[in-house]
Amino acid sequence: MSELLSLPLPATADTLRLRETVADWRSQGLKIAFVPTMGALHQGHLSLISKAQKVADRVVVSIFVNPAQFAPGEDFDAYPRTLSTDAQYLAEANCDLLYAPRASDMYPQGFSARLILEGPASGLESDFRPHFFGGVAIVVAKFFNRVQPDIALFGEKDYQQLLVIRQMVTDLDLPIQIVAGETLRGADGLALSSRNAYLSESDRGIAASLNHILTGFATDLSRGFDWETAQGKALAKAANAFDRVDYIEARCANTLAHLPGGPARQPTRVLAAVWLGDTRLIDNVAVSLPGADFDQLAP
Ligand code: PAF
């Protein structure tokens, strides 16, 4: 038996036990962090958990492949489900509580609430997956109500999702601090994602080029090139490498609003979604704008 498999599993909780456990921790004055996931855990999730442990006394992780954020025809059925391995990883990571509700518990018969989001939810992902943020927001709002965390952690890999959740928490007056976790990458630059399991060995090399294309785009912006020129160059490279490009854009890093024409002069993020066969990849990179003048586009 591997060392991993011999570890005791973290307590798994049904909703009543979750509420009782969290209430007990709260009565002891403990700070609670929450990391929502859809499972198929990788180092990116584990780094969020490790960050959560640094800022809170107890960490709750949820695993739930949320049907509300998949449209018909998307990969809901194919999405990797690895609950027992995930539980072992969580044991190794000293996670305090694993909450993995059933779909019928989250969305019982007659469930009819919907959340409509604008601001950072507008455009980008929403142009191609219009159902997505409504589905994410409703499940995250339900988890927030059930877990009642002080802090919740979301990865920057899903940058638009992070901003949407931040805005939702502000708009709904939820007393929860949203903390971002850095994107973890393989040595080739590919952002860690549960969906990387869909990629063949040869696809992986192509998938990794997305990060290089975005890094080149970000470098051009930090060198002072107007974003339309830099975007055109990035788009051409992506169109060459991938089967389809949903978007490659530079946006305000704080709001995801469109940038005015010309060089980027405010905190900026470049974001992309592309397709490799049936696999959709998303990634994003921060742009550093030192204000220096350069006269050459990055290769
Ligand atoms: O980022 C994810 O894994 C999901 O969108 C989330 C936040 C767990 C909601 O289902």
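What comes next is a walk through the structure. Every value quoted in this text rests on a predicted model; they were computed, and no experiment measured them.

Rules behind the numbers
- All residue numbers refer to positions counted from 1 along the written sequence of the respective chain.
- Whole-chain, interface and lining totals are the exception, using all residues; otherwise, since this is a predicted model, local features are given only for residues with pLDDT of at least 70 and side-chain atom pairs are given and counted only at 80 or more.
- Side-chain numbers come from the whole structure's heavy atoms, not from hydrogens or water.
- Helix and strand labels come from DSSP, where a helix needs a run of H or I of at least four residues and a strand needs a run of E of at least two; each type is numbered from the N terminus.
- As a reference, a globule follows 2.2 Å times the number of residues to the power 0.38, and the radius of gyration itself is taken over C-alpha atoms.
- The classification of residues rests on relative accessible area computed with a 1.4 Å probe and restricted to protein chains. Under 20% of the type maximum is buried, over 50% is exposed, and intermediate values are partly exposed.
- Areas reported as accessible are Shrake-Rupley estimates using a 1.4 Å probe. Residue values count occlusion only from the protein chains shown.
- Here is the rule: rings of Phe, Tyr and Trp (six-membered ring for Trp) pair when centre to centre is within 6.5 Å. Planes less than 30 degrees apart are stacked, more than 60 are edge-to-face, and the remainder are tilted.
- Geometrically, a charge over a ring is one whose NZ (Lys) or CZ (Arg) sits within 6 Å of the ring centre while staying within 35 degrees of the ring normal.
- Each residue is tested against the molecule or strand, and it is near if at least one of its non-hydrogen atoms lies within 4 Å.
- Counting of polar contacts relies on pairs of N or O atoms within 3.5 Å, with two restrictions inside protein: one atom must be capable of donating a hydrogen and the other of accepting it, and residues adjacent in sequence are counted only when both atoms are side-chain atoms.
- Helix axes use the C-alpha atoms of the stretch in contact, all axes being lines fitted to C-alpha atoms, and the angles between their N-to-C directions lie in the range 0 to 180 degrees.
- By definition in this entry, angles of less than 35 degrees are roughly parallel, angles greater than 145 are roughly antiparallel, angles of 65 to 115 are roughly perpendicular, and the rest are oblique.
- Take the far helix as your reference; a near helix turned counterclockwise from it by less than a right angle gives a left-handed crossing, and one turned clockwise gives a right-handed crossing.
- In this description, contact between two residues means that some pair of their heavy atoms is separated by no more than 4.5 Å.
- In the scheme used here, Gly and all other residues not listed as nonpolar or charged are polar, with Ala, Val, Leu, Ile, Met, Phe, Trp, Tyr, Cys and Pro taken as nonpolar and Asp, Glu, Lys and Arg as charged.
- Take the number of residues in a helix, subtract one, and multiply by 1.5 Å to get its expected span.
- Only buried residues count toward a nonpolar core. Its members are Ala, Val, Leu, Ile, Met, Phe, Trp, Tyr and Cys residues joined through side-chain atoms within 4.5 Å.
- Only one rule defines a salt bridge in this text: a Lys or Arg side-chain nitrogen within 4 Å of an Asp or Glu carboxyl oxygen.

**Digging into the overall build of the protein**
Secondary structure assignment for the protein yields nine helices and nine strands. Computed over C-alpha atoms, the radius of gyration of the protein comes to 20 Å, within 12% of the 19 Å expected from 2.2 N^0.38 for 299 residues, which places it in the range of a compact globule. If you line up the protein on its principal axes, its C-alpha atoms span 60 × 45 × 40 Å. Looking at the protein as a whole, 52% of its 299 residues qualify as buried. With an accessible surface of roughly 14200 Å², the protein has 52% of that area assigned to carbon and sulfur atoms.

**Focus on the packing of aromatic side chains**
If you walk through the whole model with that rule in mind, you get 11 aromatic pairs. Aromatic side chains Phe34 and Phe144 sit 6.3 Å apart centroid to centroid with 75 degrees between the ring planes, which places their arrangement in the edge-to-face category. You can see Phe34 sitting in strand S2 (residues 32–37) and its partner Phe144 sitting in helix H6 (residues 132–147), a full 110 residues away along the chain. Residue classification places Phe34 among the buried positions, given a relative accessible area of 0%. The interplanar angle of 80 degrees and the centroid separation of 5.0 Å between the aromatic rings of Tyr107 and Phe111 together place this pair among those described as edge-to-face. Members of the aromatic cluster, joined through ring pairs, are Phe34, Phe64, Tyr99, Tyr107, Phe111, Phe143, Phe144 and Phe154. When the ring centre of Phe76 is taken as origin, the NZ or CZ atom of Arg81, which lies over that ring, is 4.7 Å away.

**Section: the site of the ligand**
Around the ligand sit Pro36, Thr37, Met38, Asn66, Gln69, Val136, Val139, Phe154 and Gln161, and that is every residue in its neighbourhood. Between Gln69 and the ligand, the recorded distance is 2.7 Å, taken from a side-chain N or O atom to an oxygen atom. In this structure, an oxygen atom belonging to the ligand sits 2.7 Å away from a side-chain N or O atom of Gln161. Protein contacts shield 88% of the accessible area of the ligand, which totals 290 Å² for the unbound molecule. Elements with a minimum of two residues in the shell around the ligand: S2 and H6.

**What to know about the packing of helix H8 (residues 201–222) against helix H9 (residues 227–241)**
The interhelical angle for the contact between H8 and H9, taken along N-to-C directions, is 170 degrees, at an axis separation of 9 Å. Judged by the angle between their axes, H8 and H9 are roughly antiparallel. Crossing of H8 against H9: the hand is right-handed. Where H8 approaches H9, its residues Ile206, Ser209, Ile213, Phe217, Asp220 and Leu221 are matched on the opposing element by Trp227, Ala230, Gln231, Lys233, Ala234, Lys237, Ala238 and Ala241. Each residue belonging to the contact of H8 with H9 can be placed in one class, and the counts come to nine nonpolar, two polar and three charged.

**Re the environment of Ala52**
Following the sequence through the fold, Ala52 ends up in helix H2 (residues 43–55). Using a relative accessible area of 0% as the deciding quantity, one classes Ala52 as buried. Sequence spacing of Ala52 and Ser62 is 10 residues, and the spatial spacing of their C-alpha atoms is 13 Å. Setting aside chain neighbours within four positions, we find Ala52 in contact with Ala33, Val35, Val59 and Leu153.

**Some details on H9**
Compared with the 21 Å implied by 1.5 Å per residue over 15 residues, the 21 Å span of H9 between its first and last C-alpha is a close match. Looking at the buried residues of H9, the elements they touch are H8 and strand S7 (244–252).

**Details of unusual backbone geometry**
One non-glycine residue with positive phi stands out, namely Ala40, at about 50 degrees. On the secondary structure map, Ala40 appears in the loop between S2 and H2. For Ala40, a relative accessible area of 12% translates into the label buried. Even without being glycine, Gln148 reaches a positive phi, approximately 50 degrees. Within the secondary structure, Gln148 sits in the loop between H6 and strand S5 (151–155).

**Remarks on the nonpolar core**
Counting residues in each nonpolar core, the largest one holds 44 residues, and the members touching the most others are Leu18, Val60, Val140, Phe144, Phe154, Ile165 and Ile178. Counting only elements with at least two residues in this core, the list comes to helix H1 (15–27), S2, strand S4 (97–99), H6, S5, helix H7 (159–171), strand S6 (177–181) and strand S8 (268–276). Of the residues forming this core, the biggest block, 11 residues, is contributed by H6. For Phe154, the residues in contact, after removing those within four places along its chain, are Pro36, Leu48, Val140, Phe144, Gln161, Leu162, Ile165, Ile178, Val179, Ala180 and Gly181. Among the nonpolar cores identified, the runner-up in size contains 27 residues, and Leu190, Leu210, Cys252 and Ala272 belong to it.

**Things to note about the pattern of salt bridges**
All told, the structure shown has 12 salt bridges when counted by the stated rule. For Asp150, the salt bridge is made with Arg26, and the minimal N-O distance between the two is 3.3 Å. Here Arg26 lies in helix H1 and Asp150 lies in the loop between H6 and S5, a separation of 124 residues in the sequence. Judged by its relative accessible area of 24%, Asp150 is partly exposed. A salt bridge links Asp220 to Lys233, with the nearest nitrogen and oxygen atoms 2.9 Å apart. Residue Asp220 is located in helix H8, and its partner Lys233 is located in helix H9; the two are separated by 13 residues in the primary sequence. Salt bridges linked by common partners bring Glu125, Arg244, Asp246 and Arg280 together as one network.

Worth remembering: the numbers are spatial, not functional.
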